[in-house]
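Architecture at a glance
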There are 2 protein chains.
Amino acid sequence: MAALNDLVIDDVTVITMDSERRTMRDAAIAVESGAIVYVGPAAGLTRRLEQMPRLPGRGRIAIPGLVNAHTHAAMVLFRGYADDLMLQEWLTTKIFPIEAELTPDDVYWGTLLACAEMIKSGTTTFADMYFFMDEAARAVEKSGIRASLCVGMGSLAESAGGSSGFDAVLERGSSLCESWNGAAGGRITTMLGPHAPYTCSVPFLSAVGERARGLGVGVHTHISETFREVDEIRSAHGMSPVEYVESSGLFDVPTLAAHCVAVSDDDISILAKHGVRVAHNPGSNMKLASGVAPVEKMLAAGVAVGLGTDGAASNNNLDMVEEMRLAGLLHKVTRLDPTAVPAHACLEMATSGGAACLGLADRIGSIEIGKRADIVLLDFGAPHLSPAGIADLMSHVVYSASGADVSAVVVDGCVLMDDRKLTTLDEREIMAEVECRASRLAEEANGKLRK
Amino acid sequence: MAALNDLVIDDVTVITMDSERRTMRDAAIAVESGAIVYVGPAAGLTRRLEQMPRLPGRGRIAIPGLVNAHTHAAMVLFRGYADDLMLQEWLTTKIFPIEAELTPDDVYWGTLLACAEMIKSGTTTFADMYFFMDEAARAVEKSGIRASLCVGMGSLAESAGGSSGFDAVLERGSSLCESWNGAAGGRITTMLGPHAPYTCSVPFLSAVGERARGLGVGVHTHISETFREVDEIRSAHGMSPVEYVESSGLFDVPTLAAHCVAVSDDDISILAKHGVRVAHNPGSNMKLASGVAPVEKMLAAGVAVGLGTDGAASNNNLDMVEEMRLAGLLHKVTRLDPTAVPAHACLEMATSGGAACLGLADRIGSIEIGKRADIVLLDFGAPHLSPAGIADLMSHVVYSASGADVSAVVVDGCVLMDDRKLTTLDEREIMAEVECRASRLAEEANGKLRK
């Protein structure tokens, strides 16, 4: 009898994103126990595989599930709450006051909404850093999506109380790893999440690195998001943020660094030397006016680069299809070179690059035998994706499609959405709950600000 | 008895985009004979208006129909055919050879596909410049959309044959105006379309201006799309492209100038002095790596600025919701200022700004009494637009939504789409026809290139 995570996708066009970058028409994909066991001509399926449950592939294009390499999922609660403001005003008058009101249940429901949104736009894995991450993990477990979770940890605010604050913070981060690493059948992995150079001391970063080695996990941090950060770290410590983190020894463990907008050529050499992975967030970097990360230079230096949406308060959606397009367009106009970051590079960053960022390159990021079956089907029967015959299908996915063209999503061989209907989540219930919670949070935050 | 273009949209949230920039909840809009006769509290409808056919507004937000201020609609035939190439290679090895094979019927079907795509993403009016424009006009007439059409005219290639070529080109452009200006119940207007400074001589531009005055129409052209164009015009004529066109007297007639990427402060003063309107095309300018138009400076100088997608060969879709977001994000990161081109400025460019570009400011561009009823309803019941209560709804439309969130479209009081079903066009038939035609065109173009 077929298991829940056995299935065949037939009659489909496949963009494999494996090392051969193949596009196969009239193909089939077979999945057993959540793993891909066949990718090839539909005619090549064995009789046994042919008898597995079907997900129709006709008129659809299969791509590897998209990997959102950096977000703060529960911040969907604040979507549209504060836009078009200067960074300091945005943080101090809007985001920090409302975040201070968050409860664990708010983070649970916010993360559920984010999971619903991500599944509906083709994301199958995300790297998350936030508070109350046990609740985020419960939301991930329920939704069926894959995630790498960490608690955002800073030492500089908390360390006012001495080393006890420092330890308590590290314990919170470690505890998530002990409880959840490898949970949900392996869908949930964890990291430690030292927040950023400007919120973490060097001794704290060193302690985080040591703890990560002990736990056997990587770290997820922000580095050089803005030029202002570089100026501040340089004037306080005489080093760039990349050099500052390097000096702590943190880079000796696998590190995912979000943003890396304001990095020099020397910084890039350091990132490459230590195998640091970078999450590029074009939408957020544009909206917050942070600047343009030198993605082509980092790729040329051999740095693994993934794509992230960042939180919905600065994006304002979690649509990775849009994020691919932004990456392609932004670097072309910045470099004044129409061949910069072509469509296949965008799709690579959003799939195999993201998998590498999360330390999951052996499990996800491409449609090939042996990988977990994280697969997205896009429906190509729409005017904005027509004509298809003479088109480069990667161009269509990157430059013409939107998340709304995703018709079906499979994670670990389980169908999380088909015909745009979610199978694990009740989106109406989630939206209603989030609506109430967001209103309460805004009211509480504004009440305190008025005092 | 109610006419075909009488209707009431009830229980709706309205973003009016009138001079007061109001957002009204629990409102109603009434339309008689295609004109807006009421916008206000649902309770304020008279009994007579209440009895008109209803378009349900609950859970929907009404915005003015979006105006695509610059495109080459039929180029959807070449969507995804040639991307990530240098401009000259893109033009000479791909676009020019395939355009040379176009027949009038191809343009008819390509324009129909573009109309379907535009209606489905909330565009109700577009400014088009291409070949075989009588066929484009027939497609516009059939689809129910509103458009300002012109024949793209160049004098420099054709004038090799002497002034007879020059005159023949001008006749083609004029003939479209004579046949179609004011047609389809006023939905179709026309302009003359001198292509660009590098394809039109000064005497030709002067003749176009004189003819436009005679016909009582405006002109639609491209100016300063690239820095290369500026260099070429300056070295040939000792003037910037803006000065070159000004010297011809063309600006004495109402002029819509697409792109204006590479314009100086002096150029902007000239544009402002003559009331030249500018179509800003962020997606195309980014993808072709042309550069970033100084939109804030132009707006500050009092220039009317609209938004356009340009053709689908360089975008690669005609989604004006996406174009609004690109405008907002691009200028923030370019200026390193998160308050640059805020959400309401993006929505203004896409509605009232576009209306001004096309010389239709008195008829469309806002939801207010006396304007034609060109109205778009967005469905806000989706995870990526949640929560709505605490959000700035303009932020949601500009930074979170996509064209796929458009659920209903009204032009001149006629419902062209409801629940995402087109009422005037058969999209499956159109896509099938375009698929065949695009394949034939590519085959013919490649056949000749191989010779």
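Throughout, residues of each chain are indexed from 1 in the direction in which the sequence is written. Naming scheme: in the order in which they are written, chains are lettered from A and ligands are numbered from 1. For a predicted model such as this one, the threshold for reporting local features is a pLDDT of at least 70, and the threshold for listing and counting side-chain atom pairs is 80 or more; totals across whole chains, interfaces and linings nevertheless cover every residue.

Some remarks on the nonpolar core
Of all hydrophobic cores here, the largest spans 334 residues; its most connected members are Ile29(A), Ala136(A), Ile29(B) and Ala136(B). Excluding residues that lie within four positions of it along the chain, Ile29(A) makes contacts with Ile9(A), Val12(A), Val14(A), Ile36(A), Tyr38(A), Val39(A), Ala62(A), Ile367(A) and Ile375(A). Throughout this description, the term nonpolar core refers to a group of buried Ala, Val, Leu, Ile, Met, Phe, Trp, Tyr and Cys residues whose C-beta atoms join them within 7 Å. Burial in this document is a count-based property: other C-beta atoms within 10 Å of a residue's C-beta are tallied, and the residue is buried at 20 or more, exposed at 12 or fewer, or partly exposed in between, with C-beta positions derived from the backbone. We call two residues in contact when the distance between their C-beta atoms, placed using the backbone, is within 7 Å.

Some thoughts on the domain arrangement of chain A
All names here are of chain A. Domain annotation for chain A reports domain 1 (7-64 + 366-419) and domain 2 (66-357). A C-alpha centroid distance of 29 Å is found between domain 1 and domain 2. Per the convention used, a helix needs a DSSP run of H or I reaching at least four residues, while a strand needs a run of E reaching at least two, with both numbered from the N terminus. Only α14 (393-400), β15 (406-411) and β16 (414-418) provide two or more residues apiece to the side of domain 1 that touches domain 2. Sorting elements by how many residues they give to the side of domain 1 that touches domain 2 places α14 first, with five residues. Note on residue categories: nonpolar means Ala, Val, Leu, Ile, Met, Phe, Trp, Tyr, Cys or Pro, charged means Asp, Glu, Lys or Arg, and polar means any other residue, Gly included. For the side of domain 1 that touches domain 2, the residue count by class is 14 nonpolar, four polar and four charged. Start and end points for every domain follow an automatic or database-based domain assignment.

As for the packing of helix α3 (residues 104-120) of chain B against helix α15 (residues 427-450) of chain B
The relative placement of two packed helices is expressed as an angle between their axes plus a distance between the axes. All names here are of chain B. The convention used is that axes are lines fitted to C-alpha atoms, helices contributing only their stretch in contact, and that angles between N-to-C directions extend from 0 to 180 degrees. Viewed as axis vectors pointing N to C, α3 and α15 meet at an angle of 135°, and their least axial separation amounts to 9 Å. The angle between α3 and α15 falls in the class oblique. Crossing geometry of α3 relative to α15 is assigned as left-handed. Along the contact surface, α3 presents Asp106, Trp109, Gly110, Leu112, Leu113 and Ala116, while α15 presents Glu427, Ile430, Met431, Glu433, Val434, Arg437 and Leu441. Considering only residue class, the contact of α3 with α15 consists of eight nonpolar, one polar and four charged. Angular relationships are summarised with four words: roughly parallel below 35 degrees, roughly antiparallel beyond 145, roughly perpendicular across 65 to 115, and oblique for the angles in between. With the far helix as reference, a near helix turned anticlockwise by less than a right angle produces a left-handed crossing, and one turned clockwise produces a right-handed crossing.

Here we look at the confidence of the model for chain A
Taken residue by residue, chain A gives an average pLDDT of 95. The fraction at 70 or more is 97%. Model confidence for the complex is summarised by a pTM of 0.97, with the ipTM given as 0.96. On a range of 0 to 100, pLDDT expresses the predictor's confidence in each residue.

Observations regarding the environment of Val341(A)
Position of Val341(A) among the secondary structure elements: in the loop between α12 (320-335) and α13 (343-357). Those residues within four positions of Val341(A) in sequence are excluded, and the remaining contacts are Val295(A), Glu296(A), Ala327(A), Gly328(A), His331(A), Lys332(A) and Cys346(A).

A short note on helix α9 (residues 265-273) of chain B
Note that an α-helix has 3.6 residues per turn; residues three or four places apart therefore point the same way. Residues and elements named next belong to chain B. Among all positions of α9, only Asp267, Ile268 and Leu271 are buried. Taken down its axis, α9 places every buried residue within 100° of arc, on the same side. Along α9, exposed side chains directed more than 90 degrees from the buried face belong to Asp265 and Asp266. Each element contacted by the buried residues of α9 is listed here: α8 (241-247), β12 (277-280) and α11 (295-300). Backbone geometry just downstream of α9 places Gly275 in the positive-phi region, at approximately 65°. In this description, one arc is meant: the one made by directions from the helix axis to the C-beta atoms.

Let's talk about unusual backbone geometry
A cis amide bond links Asn315(A) to the next residue, Asn316(A), at an omega of 10°. Along the chain, Asn316(A) turns up in the loop between β13 (305-307) and α12. That bond from Ser386(B) to Pro387(B) is cis: its omega, -5°, falls within 30 degrees of zero. Note on placement: Pro387(B) falls in the loop between β14 (375-379) and α14 (393-400). Positive phi values are uncommon outside glycine, yet Ser33(A) reaches one of about 50°. Along the chain, the position of Ser33(A) falls in the loop between β2 (23-32) and β3 (35-41). Backbone geometry at Cys260(B) places phi at a positive 45°, although glycine is not the residue there.

Digging into the relation of the copies chain B and chain A
The relation between the two copies of this chain is a rotation about an axis and a shift parallel to it. For these two chains of identical sequence, chain B goes onto chain A by a turn of 180° and a shift of 0.0 Å along the axis, with RMSD 0.0 Å. Both copies are brought into coincidence by an operation consistent with a two-fold rotation axis. No C-alpha of chain B lies nearer the rotation axis than that of Ala404(B), which sits 3.2 Å from it. Here 100% of the contact residues of chain B are again contact residues in chain A; the copies associate through an equivalent surface. Copies overlap after least-squares fitting; the atoms used are the C-alpha atoms of residues with pLDDT of at least 70 in both.

Some words on the sheet that holds β13(A)
All names here are of chain A. The eight strands lie next to each other as β6-β7-β8-β9-β10-β11-β12-β13, forming an open sheet whose pairing is parallel. Across the chains shown, the open sheet's two edge strands, defined by having one partner strand only, are β6 (66-71) and β13. Between one strand and the next, the sheet's axes are offset by a mean angle of 25°, whatever the strand orientation. Pairing analysis gives three bridges linking strand β11 (residues 255-259) to strand β12 (residues 277-280), with the strands arranged parallel. Bridging from a neighbouring strand, Leu256 pairs with Arg277 of β12. Its contacts with the sheet place helix α4 (residues 133-143) against β7 (123-130), β8 (146-153) and β9 (188-194), and it is angled at close to 170° to β8. Those strands touched by α12 are β6, β7, β12 and β13, and its axis lies near 125° from that of β13. One bridge is not enough; two strands pair if DSSP finds at least two bridges between them.

Comments concerning the pairing of β12(B)
Residues and elements named next belong to chain B. The alternating pattern of β12 places Arg277 and Ala279 on one face and Val278 and His280 on the opposite face, and all of these are buried. Classification remark: right-handed applies to a crossover when, strands pointing away from the viewer, the course from the first strand over the helix to the second runs clockwise. Read from strand β11 (residues 255-259) through α9 to β12, the crossover connection turns out right-handed. Two elements, β12 and strand β13 (residues 305-307), share three bridges in a ladder whose sense is parallel. Across the sheet, the residue bridging to Ala279 is Gly306, located in β13.

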